[in-house]
Amino acid sequence: MASISMPRLSFSPLLRALTAVLLVSTLTSALVVPRVEQHTFSSVTPSSSSVSTTWTEEEQVDPTGRAFPRLKNDLILRAARGEETERVPVWVMRQAGRYLPEFRKVREEHEFFEIVRSPELATIVTLQPVDRYNNLLDAAIIFSDILVVPQALGLVVEMLPGKGPSFPNPLASPEDMKRLKKKVDVHRELQYVFDAITMTRHALEGRVPLIGFSGAPWTLMAYMVEGGGSKTFSKAKTWIFQHPKESHELLQIITDVSVDYLVAQVHAGAQMLQIFESWAGELGPNEFEKFSLPYLIQIARRVKAELGPEKAVPMAVFAKGAWFALHKLSDPSSGFDVVSLDWSHTPAGAKGVSRGRVTLQGNLDPTVLLRGEDAIVKETEKMVRGFFGGADGGKKYIANLGHGILPDVSVDAMEVFLKTVHRVGREVAAEGWNEAEGEGEGEAEL
Ligand code: CP3
């Protein structure tokens, strides 16, 4: 495993630019973005029932040694560690995306990967939802894409308008693996992501934690072999059946880069990590066990081992469509603290399988946000009450959608969703944690 060396050279121009970014983002939010209702956080003191060691606030400095701003809202980190929260925390996958008019405005002037590669632009875009939904979002997620890792491995990836990602020269056969870089130095290939993370963490001024992420090996392999999205994944699945040995080699190459990449994200300032296995459901339970799960577990364990107990951050996994894997992903030995769910689970069913061993995250069907205010309030309330409550380990919960927010959702619908989580999430937390005192967890069965 590669040890991490922190390049210092690229930082002084960045830190100068940060001042400009802060100015721009303050101006943007003050002039353009309507502010929504102000909330105050009642407590940010870490609970005494801490279950895992964390990197203490005092020690959190950027790679140049400059202290990061003190965190004012650590709800999501406490929920991820299974600690008490005064309300249910919430963030949304793709919260910085095309449903936001201010994001579309930036996209009019800049290509997708241009934003991703510019720490200044990535910082501005990451902050957009946090500014607009002032105090309603409990985390920021760095603006980037899972496909920067295939790029770092040497493949060309384009983002075609209206079509999505496209690889002009995908891996047509195992022979093509020769085209991949043998050893990827993540600081050479992906330093722009780490710079964006450091810059964003400063620009957030401690308002909410910053989430880093990467794609899981099977999902990245599927893109690299298919050359883009697919309905059947016939090429990638043909690989795993006809070339299992080479498939495992490819998955291991991606795993090794991902471990270095995630560790460096934490050194750069990421306070939580999420692994996106977006195409997990394309594998049945048997293939998932062979071609996805071992690599997910390897990533979680190696990242935590490399960071050590002092610096390790909570890790979440989103294995879309893999309802059959919840039991195994909930096992503490998997290394994950949070399992993010798509909408194929009922709260009771998921809690019954997971049995309080991890924090659950999710899982509103993203199309509910297209169904009008009444439906959003009703379905969100049902979800929050369903996941949080009872003596069955349901108190470990982070609200989210079951996949990314859709581009045609209105900014007002998103606000209704967030406000409903806040209202209901306060009510259930007040009831739940008091009731729960002295109760055992993890008793429920399916
Ligand atoms: O706000 C955030 O969540 C952070 C940014 C983020 C993006 N992509 C920005 C993005 C994150 C976390 C991702 C992850 C990602 N990228 C995944 C895993 C999550 C998932 O959706 O399952 C996947 C599979 C990708 C690959 C990818 N990138 C696809 C399939 C597409 C096209 C689909 C689409 O929504 O258009 C992208 C493009 C992309 N990534 C956009 C954004 C905001 C939209 C592109 C644009 O602006 O033109």
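In this text the structure is predicted, and so the values were computed from the model without any measurement. (Residues numbered from 1 in each chain as written. Predicted model: local features only at pLDDT ≥ 70, side-chain atom pairs only at ≥ 80, totals over all residues. Heavy atoms only, no water.)

**So, the site of the ligand**
- Taken together, 23 residues lie around the ligand, and Arg-94, Arg-98, Arg-107, Ser-278 and His-403 are the ones closest in.
- A distance of 2.5 Å is found between an oxygen atom of the ligand and a side-chain nitrogen or oxygen belonging to Arg-98.
- The separation between an oxygen atom of the ligand and a polar side-chain atom of Arg-107 is 2.7 Å.
- When isolated, the ligand has an accessible area of 860 Å², and the protein chains bury 88% of it.
- Of all the cavities here, the one that holds the ligand is the largest pocket.
- Those elements giving two or more residues to the shell around the ligand turn out to be helix H3 (101–109) and strand E3 (164–166).
- A per-class count over the shell around the ligand returns 13 nonpolar, 6 polar and 4 charged. (Near = heavy atom within 4 Å. Polar contact = N/O pair within 3.5 Å; in protein donor to acceptor, adjacent residues only side chain to side chain. Areas by Shrake-Rupley, 256 points an atom, 1.4 Å probe, with all protein chains shown as cover. 1 Å grid on protein atoms, 1.4 Å probe; cavity = no way out; pocket = protein on both sides within 12 Å on 5 of 7 lines; lining within 4 Å. Sits in = over half its atoms within 2 Å of the grid points. Helix = DSSP H or I, 4+ residues; strand = E, 2+ residues; numbered from the N terminus. Nonpolar A, V, L, I, M, F, W, Y, C, P; charged D, E, K, R; others polar.)

**Re the layout of surface pockets**
- The space that makes up the largest pocket amounts to roughly 1300 Å³.
- If you go around the largest pocket, you meet 39 residues; those closest to its centre are Arg-94, Arg-98, Asp-145, Met-159 and Pro-165.
- Looking at the lining of the largest pocket, the elements that each hand over two or more residues are H3, strand E2 (158–160) and E3.
- Across the lining of the largest pocket, the residue classes break down as 24 nonpolar, 9 polar and 6 charged. (Points joined across faces, edges and corners; volume = space filled by probe spheres on them.)

**Focus: the nonpolar core**
- Ranked by internal contacts, the top residues of the largest apolar core, which has 141 residues, are Leu-250 and Phe-417.
- Sorting elements by how many residues they give to this core places helix H11 (residues 244–268) first, with 11 residues.
- Ignoring any residue separated from it by four or fewer positions in sequence, one finds Phe-417 in contact with Val-90, Val-92, Leu-364, Leu-369, Ile-376, Thr-380, Met-383, Asn-400 and Leu-401. (Core = buried A, V, L, I, M, F, W, Y, C linked by side-chain atoms within 4.5 Å. Buried < 20%, exposed > 50% of the residue type's maximum accessible area, 1.4 Å probe, protein only. Contact = heavy atoms within 4.5 Å.)

**Brief notes about the packing of aromatic side chains**
- Scanning the entire structure with this criterion turns up 11 aromatic pairs.
- Taking 5.6 Å as the distance between ring centres and 65 degrees as the angle between the ring planes, the aromatic pair formed by Phe-112 and Phe-143 counts as edge-to-face. Here Phe-112 is found in helix H4 (residues 112–117), whereas its partner Phe-143 is found in the loop between strand E1 (140–141) and helix H6 (148–152), with 31 residues between them in sequence. Phe-143 matches Phe-112 in its accessibility class, with the two residues each being buried. (Phe/Tyr/Trp six-rings, centres within 6.5 Å; stacked < 30°, edge-to-face > 60°.)

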